[in-house]
Amino acid sequence: MPLVRHSTWGDRNKPSHESIDLLIKQRVWGISKEEQSLKFSISLVKEKLQSICAALSTGRMTDDKDVLRDVWFGRIPTCFTLYQDEITEREAEPYYLLLPRVSYLTLVTDKVKKHFQKVMRQEDISEIWFEYEGTPLKWHYPIGLLFDLLASNTALPWNITVHFKSFPEKDLLHCPSKDTIEAHFMSCMKEADALKHKSQVINEMQKKDHKQLWMGLQNDKFDQFWAINRKLMEYPAEDNGFRYIPFRIYQATTERPFIQKLFRPVAVDGQLHTLGDLLKEVCPSAITPEDGVKKNQIMIHGIEPMLETPLQWLSEHLSYPDNFLHISIIPQSTD
Amino acid sequence: MLYKYYLMTVEATSEPATGGGWRERMAENEFLEEKTFKQHCAKFIKHSEEIGDGWEWRNSKDCSDGYMSKMHFQIRNGTSVTEQLFLQVEDDFELHSDDSEVVGPTTASQVIRYEYHVLYSYSYQVPVLYFRASFLDGRPLTLKEIWDGVHQFYQVRLLQEPWSTITQQEHPILGQPFFVLHPCKTNEFMTTLLENSGKDNRNINYITSWLSIVGPVVGLNLPLSYAKEMSQHDAETD
């Protein structure tokens, strides 16, 4: 079913739109270079490479929907290692997994848990939690956000340490079951719609539609998810976009976990606000001064969109499944 | 009891507001602006200081926003709450890991420290109540353990009221786990309450009214003087 396309960029902006799609494809390409050192399904990566080559060789105009697919199917090659102080009955081998960028750690790591629990005694196991270089990983943040924020400029694979004891109560939310993840996910979606549509669209949906959104995410079913989610991306014909844009800006160096403010996608004169406009308004220190050296990268889904990109377009195409734009500000990479 | 009165007004059928000023605009717009939120908090804290109720305003590190904060201590014997005291934090109070030394002759009682924060939600444009509790040794209470300290009347209410979902969430300014009373229905019951108070031409403080409804459900009580104070001093501010 073709998506209703509302916001286009106009001739002036078309190049940026295509470049985002290429950037995302290049990011996947970058991952495939590392495949030699990884112990996971090679055929998966080859298949992706083939579809990229096909798209690039035909040189066809990228459809907006391709961007949605590339975002949804983004993966991060990850190596899970058991924390050295955990008590095991025999040596625990590391476990390799391709993590979906748009999902949540506790939703996609059942195999990881099983793998390590096989070498441990039941009494040494309590709630699982993950850590990267000493930082406990917040399972309630999307995986892609965690990676971009903490590890995007380090070599693949992403090395995560697995713990089964000493749950860091002061840092992490508990995740007793899948229901907790579902409740959190739906709560984010509701909050996003409160900003976009005063909650009208999501409240009009039936319970089965809400369930379909969750099941689509849980089972990695793009079409199932977007059949419902497309309604959350629509807006009245007389408006030029959503009421407010759901976004959160993260910076690992601040105590504050994220910046979230009210921001309209359209200015009073009808002009579309850009990513640059948003940053200037809510996080001016992140933007490079005219004559200065670029000190930060503004990253979404592993890429740096041009600051001229309309925010409304970003919200419709580069949001995570929870309908939020999760934006990372990280120090400029040196390589 | 004033709390019961506020609870009752929520259930009354709503009628068009007749009051003027911000209250009428609020009923139409349905939202509480951040500026108004801060003004009501300031008045609320002023009264809190007058009666020594322990509320204070805390700014975020970059000072772009802030929240109201209160801490109090509670003593429990099993599931019964015997006293609430020590509104002021004493630094060496926390060093006693053996609770019975601090509390006195009662054995098997525990001291619990409660923290309540009132933040503004941009997404729902309403205030939100965040809270957490821990034993003196730092061990946090689970939601069930917090529940055991809530008066039975409110336990029953909580199960009935759809606006009262409590979940564990990340505090948006501190980044730490807190329990939160979900804000998505706040607007509904506050609109009804404001319309009814407008009808009677009663002046109320949004924060006072809201907190008097949601607070007791999680062990936070407001002395009556808040309501009396607001009606006396709000007349000129509308």
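Above this text is the structure in question.
The text that follows walks through the structure, step by step, so that each part is easy to find.

Conventions and cut-offs
- Residues numbered from 1 in each chain as written.
- Chains lettered and ligands numbered in written order.
- Predicted model: local features only at pLDDT ≥ 70, side-chain atom pairs only at ≥ 80, totals over all residues.
- Heavy atoms only, no water.
- Salt bridge = Lys/Arg side-chain N within 4 Å of Asp/Glu carboxyl O.
- Helix = DSSP H or I, 4+ residues; strand = E, 2+ residues; numbered from the N terminus.
- Buried < 20%, exposed > 50% of the residue type's maximum accessible area, 1.4 Å probe, protein only.
- Expected span 1.5 Å × (residues − 1).
- Arc of directions from axis to C-beta.
- Contact = heavy atoms within 4.5 Å.
- Axes fitted to C-alpha atoms, helices over the stretch in contact; angles between N-to-C directions.
- Parallel < 35°, antiparallel > 145°, perpendicular 65-115°, else oblique.
- Left-handed = near helix turned anticlockwise from the far one by under 90°.
- Nonpolar A, V, L, I, M, F, W, Y, C, P; charged D, E, K, R; others polar.
- Core = buried A, V, L, I, M, F, W, Y, C linked by side-chain atoms within 4.5 Å.

A separate point is the pattern of salt bridges. Here the structure, examined in full by the defined rule, presents 22 salt bridges over all chains. Lys 231 of chain A is the partner of Asp 209 of chain A in a salt bridge, and the nearest nitrogen-oxygen pair spans 4.0 Å. One end of the pair, Asp 209 of chain A, is in helix 9 (residues 207-218); the other, Lys 231 of chain A, is in helix 10 (residues 222-232), with 22 residues separating them in the sequence. Residue class for Asp 209 of chain A comes out buried when judged on its relative accessible area of 8%. The class for Lys 231 of chain A is partly exposed, based on a relative accessible area of 30%. Of the charged contacts in the structure, one is a salt bridge between Arg 132 of chain B and Glu 115 of chain B, with a shortest N-O distance of 3.0 Å. Here Arg 132 of chain B is found in strand 5 (residues 126-135), whereas its partner Glu 115 of chain B is found in strand 4 (residues 109-121), with 17 residues between them in sequence.

Our next topic: helix 9 of chain A. Residue and element names in this part refer to chain A. Helix length check: helix 9, at 12 residues, gives a terminal C-alpha distance of 17 Å against a target of 16 Å (1.5 Å per residue), a fit within 8%. Along helix 9, the residues that are buried comprise Asp 209, His 210, Leu 213, Trp 214, Gly 216 and Leu 217. Along the axis of helix 9, the buried residues cluster in a sector spanning 160°; they form a single face. What points out from helix 9, more than 90 degrees from its buried face, is the exposed set Lys 207 and Lys 208. Contacts from the buried residues of helix 9 go to helix 3 (64-72), helix 4 (105-108), helix 7 (178-197), helix 8 (200-204) and helix 10.

Quick look at the packing of helix 3 of chain A against helix 10 of chain A now. Residues and elements named next belong to chain A. Across the interface, helix 3 lies against helix 10 with an axial gap of 12 Å and an inter-helix angle of 125°. Our classification of the angle between helix 3 and helix 10 gives oblique. Crossing geometry of helix 3 relative to helix 10 is assigned as right-handed. Where helix 3 approaches helix 10, its residues Lys 65, Leu 68, Arg 69 and Trp 72 are matched on the opposing element by Phe 222, Asp 223, Phe 225 and Trp 226. Of the residues contributing to the contact of helix 3 with helix 10, the split by class is five nonpolar, no polar and three charged.

Glancing now at the nonpolar core. Judged by nonpolar contacts, the single largest core of 82 residues is most densely connected at Phe 80, Leu 105, Trp 158, Val 162, Ile 249, Leu 318 and Leu 325 of chain A. Looking at which element gives the most residues to this core, the answer is helix 6 (residues 143-151) of chain A, with six residues. Beyond its immediate sequence surroundings of up to four residues, Ile 249 of chain A is in contact with Phe 258, Ile 259, Leu 278, Leu 279, Val 282, Ile 327 and Ile 329 of chain A. Judged by nonpolar contacts, the second largest core, of 42 residues, contains Ile 45, Val 118, Ala 133 and Ile 213 of chain B.

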